[in-house]
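Listed below, chain by chain, are the residues.
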Amino acid sequence: MSRIHRLSTRLANQIAAGEVVERPASVVKEVLENSLDAGATRIDIDVESGGSKLIRIRDNGSGMDAQDLPLALARHATSKITSLEDLERVGSLGFRGEALASIGSVSRLALTTNSDDGSEGCTAICEGREMEVQVRPAPHPQGTTVEVRDLFFNTPARRKFLRTEKTEFNHLEEVVKRLALSRFDVGFSLRHNGKVIHNLKSGTSDAERQRRVATVCGPAFMEQAIYIETDLPDFRLWGWVGLPTFSRSQADLQYFFVNGRVIRDRLIAHAVKQAYRDVLYHGRHPAFVLYLEVDPAQVDVNVHPTKHEVRFRDGRTVHNFIFSSLHRALADVRPADQLPENVVAADDGGTINTTTGEISSQGGLAWGAPSQAAGSGFGSYQPAARPLAGGAMEQVSSYGQLHPPANQAGLPEQGAAEDVPPLGYAVAQLKGIYILAENAQGMVVVDMHAAHERITYERLKQSRDTD
């Protein structure tokens, strides 16, 4: 039986790195958080090969003194907390004091910094296994540059788990987007293999904040979102929530920040889901960018090494506050406030015009234009503002190409009823399952699955006729 012994510093750091450094995106997250804590107003990120070959992050923050550099690369060394009381009310993004040591244990790390523009600056170099820090003078303006090369070069098993360059960069880009949304007063630039991907200017005005949200989340989100702000003595919730018409097929456009820290929390997710329950049908996900401000003493951020999870001292109160704020905001939305001019949002941010039948993202027709012929009784009808799922849009567009409308006004003139497509012209979607259509005989409710079979059948007939 082996005797109990103390692990070496190198091995302990590599074990810790397994919790902190999962992929290049993890490195970027930890270093960017340090830059923000240092008061940076401009951060430049350069990466190569998705971050596995090179990650270089430069900021104009407060920098560090030369004598602090070796300690900065040691485990459990930090300037952000000093006592248990500090840990119980953490106000900074970082506080564990193990990120740089973990990164240095699995890469070739160079940290160059200067705390005063009047001095020369210095650099600390640490390469993998031995963890021997070499410090020497180096010119650098005030701020810090962290350069990470050859990630996992000394742990081949970890390197094998990295995905393709594109996948790793997508994860890394998402980290930059999250932190850019958390700090509007900081400018961010991101370059990949020498190509500028993002160049986000700092700004604190309402217009500048909206511009950044639109850049990160897409202009369609800002066009179909409402701004909310609720203040209580202990809580403040503000941000943008997408209208029910802008629902998504997956939860890929959801950002929630607690005191500037992006988090994923079941309690918050449940509160948001409950608020949308009455206006969003099953299988769809809301889009939002929300900020919760609360006394740091009421939040425990020391839950997981990645700091993505938090615990609230009074979770029920937080849940009720978020739910009631969102539910009240969504209840005030009227159908006329959602999408003007008979436009229905599509799943990918495109739109369907229910007057012309045009689908912006597909370039086709939604079966044909809905009827507004005299005597139909639906000339001023506003369809339920629910987005068509991606598959439904394709089916509807395909059917419209098989049976183009005879005129732009709607149904063909009387006497040409035989030219109306058998399933009619789409008017609306019901419950995400059925399509409400209008043909020569009246209104028809069509099962989308059955419609797909009919479309396939019509295509087979066309193919046979052209052979």
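Scoring rules and cut-offs
Residues numbered from 1 in each chain as written. Predicted model: local features only at pLDDT ≥ 70, side-chain atom pairs only at ≥ 80, totals over all residues. Heavy atoms only, no water. Helix = DSSP H or I, 4+ residues; strand = E, 2+ residues; numbered from the N terminus. Buried < 20%, exposed > 50% of the residue type's maximum accessible area, 1.4 Å probe, protein only. Contact = heavy atoms within 4.5 Å. Areas by Shrake-Rupley, 256 points an atom, 1.4 Å probe, with all protein chains shown as cover. Pairing = 2+ DSSP bridges. Axes fitted to C-alpha atoms, helices over the stretch in contact; angles between N-to-C directions. Patch = residues over 30% accessible without salt bridge, like charges linked within 9 Å, V, L, I, M, F, W, Y side chains within 5 Å. Salt bridge = Lys/Arg side-chain N within 4 Å of Asp/Glu carboxyl O. Core = buried A, V, L, I, M, F, W, Y, C linked by side-chain atoms within 4.5 Å. pLDDT = per-residue confidence, 0-100. Parallel < 35°, antiparallel > 145°, perpendicular 65-115°, else oblique. Left-handed = near helix turned anticlockwise from the far one by under 90°. Phe/Tyr/Trp six-rings, centres within 6.5 Å; stacked < 30°, edge-to-face > 60°. Lys NZ or Arg CZ within 6 Å of the ring centre and 35° of its normal.

Counting its regular elements, the chain contains 14 helices and 22 strands. Within the chain, the proportion of its 467 residues that are buried is 49%. Taking the intrachain contacts of the chain between residues at least 6 apart in sequence as the baseline, contacts between residues at least 24 apart amount to 65%. With the model as given, the accessible surface of the chain reaches about 23400 Å², and the carbon-plus-sulfur share is 49%.

Here the focus is the sheet that holds strand 2 (residues 54-59). Pairing is mixed in the open sheet, where eight strands are placed in the order 5-4-3-6-2-1-7-8. Edge positions in the sheet fall to strand 5 (134-137) and strand 8 (195-200), since each has one partner strand and no second. Here the strands of the sheet are splayed against their neighbours by 10° on average, with no regard to which way each runs. Two elements, strand 1 (residues 42-48) and strand 7 (residues 187-192), share six bridges in a ladder whose sense is parallel. Residue pairing across strands places I45 opposite L190, the latter belonging to strand 7. Contacts between helix 2 (residues 24-37) and the sheet are confined to strand 1, strand 2, strand 6 (143-149) and strand 7, with strand 2 contributing the most and set at about 10° to the helix.

Residues L430, I433, Y434 and V445 make up a contiguous nonpolar surface patch of roughly 330 Å² in combined accessible area. Topologically, Y434 is positioned in strand 21 (residues 434-439).

The subject of this paragraph is the nonpolar core. Counting 60 residues, the largest nonpolar core has F221, W240 and V289 as the members making the most contacts within it. At seven residues, helix 7 (residues 165-182) tops the list of elements feeding residues into this core. Core analysis: the next-biggest nonpolar cluster, separate from the first, contains 30 residues, L237, V301, I322 and L330 among them.

A few words on the confidence of the model for the chain. Overall, the prediction assigns the chain a mean pLDDT of 80, with 76% of residues at 70 or greater. Counted against residues more than four places away or in other chains, residues 339-390, with its pLDDT under 50, gives 140 contacts. Long-range and interchain partners of residues 406-415, a stretch whose pLDDT sits below 50, account for 19 contacts in this model, where long-range means more than four residues apart.

Where helix 10 (residues 266-276) meets helix 11 (residues 315-331), the axes come as close as 8 Å, and the angle between the chain directions of the two elements is 30°. As summarised for this structure, helix 10 and helix 11 are arranged roughly parallel, according to the angle between their axes. Seen along the crossing, helix 10 lies across helix 11 with a hand that is right-handed. Mapping the contact onto sequence places L267, I268, H270, A271, V272, Q274, A275 and Y276 in helix 10 and G315, V318, H319, I322, F323, L326, H327 and L330 in helix 11.

This part covers unusual backbone geometry. Despite not being glycine, D150 has its phi angle at roughly 55°, a positive value. Checked against the element boundaries, D150 lands in the loop between strand 6 and helix 6 (156-160). Despite not being glycine, N259 has its phi angle at roughly 50°, a positive value. The class for N259 is partly exposed, based on a relative accessible area of 32%.

The subject of this paragraph is the packing of aromatic side chains. What the rule picks out here adds up to eight aromatic pairs. The interplanar angle of 55° and the centroid separation of 6.0 Å between the aromatic rings of F221 and F246 together place this pair among those described as tilted. With F221 in helix 9 (residues 219-223) and F246 in the loop between strand 10 (235-242) and strand 11 (254-258), the pair connects residues that are 25 residues apart, well separated along the chain. Ring plane angle 25° and centroid distance 5.3 Å describe the contact between F235 and F321, whose orientation is recorded as stacked. Placement of F235 in strand 10 and of F321 in helix 11 is noted, with a sequence separation of 86 residues between them. Residue F235 is classed as buried on the basis of its relative accessible area of 12%. The class of F321 is buried, set by a relative accessible area of 5%. In textbook terms, an aromatic cluster arises when at least three aromatic residues are bridged by ring pairs, as seen for F184, Y227, W238, W240, F257 and Y291. Over the ring of F153 we find R108, and its NZ or CZ is 3.9 Å from the ring centre.

Let us now look at the environment of V258. Relative to the helices and strands, V258 resides in strand 11. With 37 residues separating them in the primary sequence, V258 and D295 have C-alpha atoms 10.0 Å apart. Those residues in contact with V258 that sit more than four places away from it in its chain are I263, I268, L292, V294, V299 and F312.

Close approach of charged atoms allows side chains with opposite charge to pair. Following the criterion strictly, the structure yields 19 salt bridges and no others. Of the charged contacts in the structure, one is a salt bridge between R42 and D44, with a shortest N-O distance of 3.1 Å. Look at D44 and you get partly exposed, because its relative accessible area is 26%. For D278, the salt bridge is made with R277, and the minimal N-O distance between the two is 3.9 Å. Of the residues examined, D278 reaches a relative accessible area of 58% and is grouped as exposed.

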